[in-house]
Amino acid sequence: MKFLKNILMGLGVLFVISTLLFAMQSKADDVNDVAEHEVEKNVSEGYRISAIDIPEDLNFAGEPVPQEDPEIMERIDREFLVNTYWQSNALLLMKRAHKYFPVIEPILAKNGIPEDFKYLAVAESGLENVVSSARATGFWQIMKATGKQYGLEINANVDERYHLEKSTEVACRYLNKYKKKYGTWTLAAAAYNTGTGSVDKYLGIQKVNDYYDLLLGQETGRYVFRILAIKEILSHPEKYGFDIQKEDLYSAVPTFTVEVNKPVANFADFAKEYGINYKVLKRHNPWLREPHLNNQSGKKYTIEIPNKGYYK
């Protein structure tokens, strides 16, 4: 009897163990089925990563790129790969370009600057009012001393490096100065990035007179090649796999202007007079740096106000 009882207990234990093992296996199969389903769901049939066919006629501001040089081609290839496959950034640049290029292009044209330099602004700031570690500011990354030298107002109340039209005018004056000094737009672009001191130093040490022959630091060494890649990708987005429609792009909100020639105690109250809030006022006038304007001199300022109906 005792022997039979032990056998029955053993069979019971085996039954419990086999039931648990079956349940665990079933759960694992379910997990695998879900995982396989998710993999299928998250892989796009049409998405492939490949090398990029570089155009054979690259130029910057009409100046040809020496594409017969293998070292040059490797540097170009790097920037095409980085800027093509950093898709989120490329899409944002396309969206912003649609909004800001129409402001930049006529100012470049008026000052005799090739249109390709709008892509320099993209390379400098991503078309945002950023501040670098060296305190260069705005779309065109202008230093404080440079801005003041070229007539921009920069103080606690107002910083016109954030004023797109005025800062673009200053950038044009700088670029024309560099073109006159170096003779090529390519070297002018390099000097804009690193300054004439560095360019003069390396041209002298290395005894060359062309950007593509210079050995420069990494940032300036990549600079023109990055502009070339940005120019090509933004000009032909579909060629590089970007499916973006006009309605996806950012557009400027129409505005009218208001002239102010006296102090403003509170821009929040000022904004309310025009049916907007302080945030919207700052969005259209980022050069106003504080919520008030001292303006003891009675200087005339032009403030942009968005047309009604665009902000809720």
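Scroll up to find the structure this text is about.
The text that follows walks through the structure, step by step, so that each part is easy to find. Because the structure is a prediction, the values reported are computed rather than measured. (Residues numbered from 1 in each chain as written. Predicted model: local features only at pLDDT ≥ 70, side-chain atom pairs only at ≥ 80, totals over all residues. Heavy atoms only, no water.)

### Notes on the pattern of salt bridges
Right, on to step 1. Scanning the entire structure with this criterion turns up 13 salt bridges.
Right, on to step 2. When the shortest N-O distance is used, the salt bridge between E128 and R96 registers 3.5 Å. Of this pair, E128 sits in the loop between helix 4 (118–125) and helix 5 (144–149) while R96 is found in helix 3 (residues 87–110), placing the two residues 32 residues apart along the sequence.
Right, on to step 3. Note on E128: relative accessible area 37%, which makes it partly exposed.
Right, on to step 4. In this structure, K166 engages E160 in a salt bridge whose closest nitrogen and oxygen atoms are separated by 2.8 Å.
Right, on to step 5. Since its relative accessible area comes to 37%, K166 is described here as partly exposed.
Right, on to step 6. Several salt bridges converge on common partners, so that one network encompasses E105, E115 and K118. (Salt bridge = Lys/Arg side-chain N within 4 Å of Asp/Glu carboxyl O. Helix = DSSP H or I, 4+ residues; strand = E, 2+ residues; numbered from the N terminus. Buried < 20%, exposed > 50% of the residue type's maximum accessible area, 1.4 Å probe, protein only.)

### Thoughts on the packing of aromatic side chains
Right, on to step 1. Tallied over the full model, the rule gives 16 aromatic pairs.
Right, on to step 2. Between F60 and F117 the ring centres are 5.0 Å apart and the planes differ by 70 degrees, which places this aromatic pair in the edge-to-face class. Highlighted residues: F60 in strand 1 (residues 59–60) and F117 in the loop between helix 3 and helix 4, separated in sequence by 57 residues.
Right, on to step 3. Ring geometry for Y211 versus F225: centroids 6.0 Å apart, planes at 40 degrees, classification tilted. Of the two residues, Y211 is situated in the loop between helix 8 (196–206) and helix 9 (218–235) and F225 in helix 9; the sequence distance between them amounts to 14 residues.
Right, on to step 4. Judged by relative accessible area, F225 falls into the buried class, the value being 1%.
Right, on to step 5. Members of the aromatic cluster, joined through ring pairs, are W140, Y150, Y174, Y178 and Y192.
Right, on to step 6. Directly above the ring of Y174 sits K177, whose terminal nitrogen or CZ lies 5.8 Å from the centroid.
Right, on to step 7. Against the face of W185 rests K179, its NZ or CZ located 5.3 Å from the ring centre. (Phe/Tyr/Trp six-rings, centres within 6.5 Å; stacked < 30°, edge-to-face > 60°. Lys NZ or Arg CZ within 6 Å of the ring centre and 35° of its normal.)

### A look at the layout of surface pockets
Right, on to step 1. Size it by volume and the largest pocket reaches roughly 760 Å³.
Right, on to step 2. Along the wall of the largest pocket there are 29 residues; nearest its centre are Y100, L164, R283, H284 and P286.
Right, on to step 3. Residues that form the lining of the largest pocket fall into these classes: 13 nonpolar, seven polar and nine charged.
Right, on to step 4. In this structure, the second largest pocket spans a volume of roughly 590 Å³.
Right, on to step 5. As for the second largest pocket, its lining consists of 27 residues, and the residues nearest its centre are E124, Q141, Y192, N193 and E219.
Right, on to step 6. Listed by contribution, the elements that provide at least two residues to the lining of the second largest pocket are helix 2 (70–85), helix 4, helix 6 (164–182), helix 7 (185–194) and helix 9. (1 Å grid on protein atoms, 1.4 Å probe; cavity = no way out; pocket = protein on both sides within 12 Å on 5 of 7 lines; lining within 4 Å. Points joined across faces, edges and corners; volume = space filled by probe spheres on them. Nonpolar A, V, L, I, M, F, W, Y, C, P; charged D, E, K, R; others polar.)

### Observations regarding the side chain of R161
Right, on to step 1. Mapped onto the fold, R161 is located in the loop between helix 5 and helix 6.
Right, on to step 2. Judged by relative accessible area, R161 falls into the buried class, the value being 7%.
Right, on to step 3. Here R135 takes part through its backbone oxygen, which lies 3.4 Å from a polar atom of the side chain of R161.
Right, on to step 4. Within the structure, the side chain of R161 is placed 3.1 Å from the backbone oxygen of I142, a separation counted as a polar contact.
Right, on to step 5. Excluding anything up to four places from it in sequence, R161 contacts N129, R135, T137, G138, I142, M143, K144, L152, I154 and S167. (Polar contact = N/O pair within 3.5 Å; in protein donor to acceptor, adjacent residues only side chain to side chain. Contact = heavy atoms within 4.5 Å.)

### Here's the deal with empty space enclosed by the protein
Right, on to step 1. This model, assessed by the stated rule, comprises one cavity of 30 Å³ or more.
Right, on to step 2. Within this model, the largest cavity holds a volume of roughly 40 Å³.
Right, on to step 3. Lining the largest cavity are N83, W86, N89, A90, L93, I230, I233 and L234.
Right, on to step 4. At the level of elements, helix 3 and helix 9 are the ones that each hand at least two residues to the lining of the largest cavity.
Right, on to step 5. Residue classes in the lining of the largest cavity are distributed as six nonpolar, two polar and no charged.

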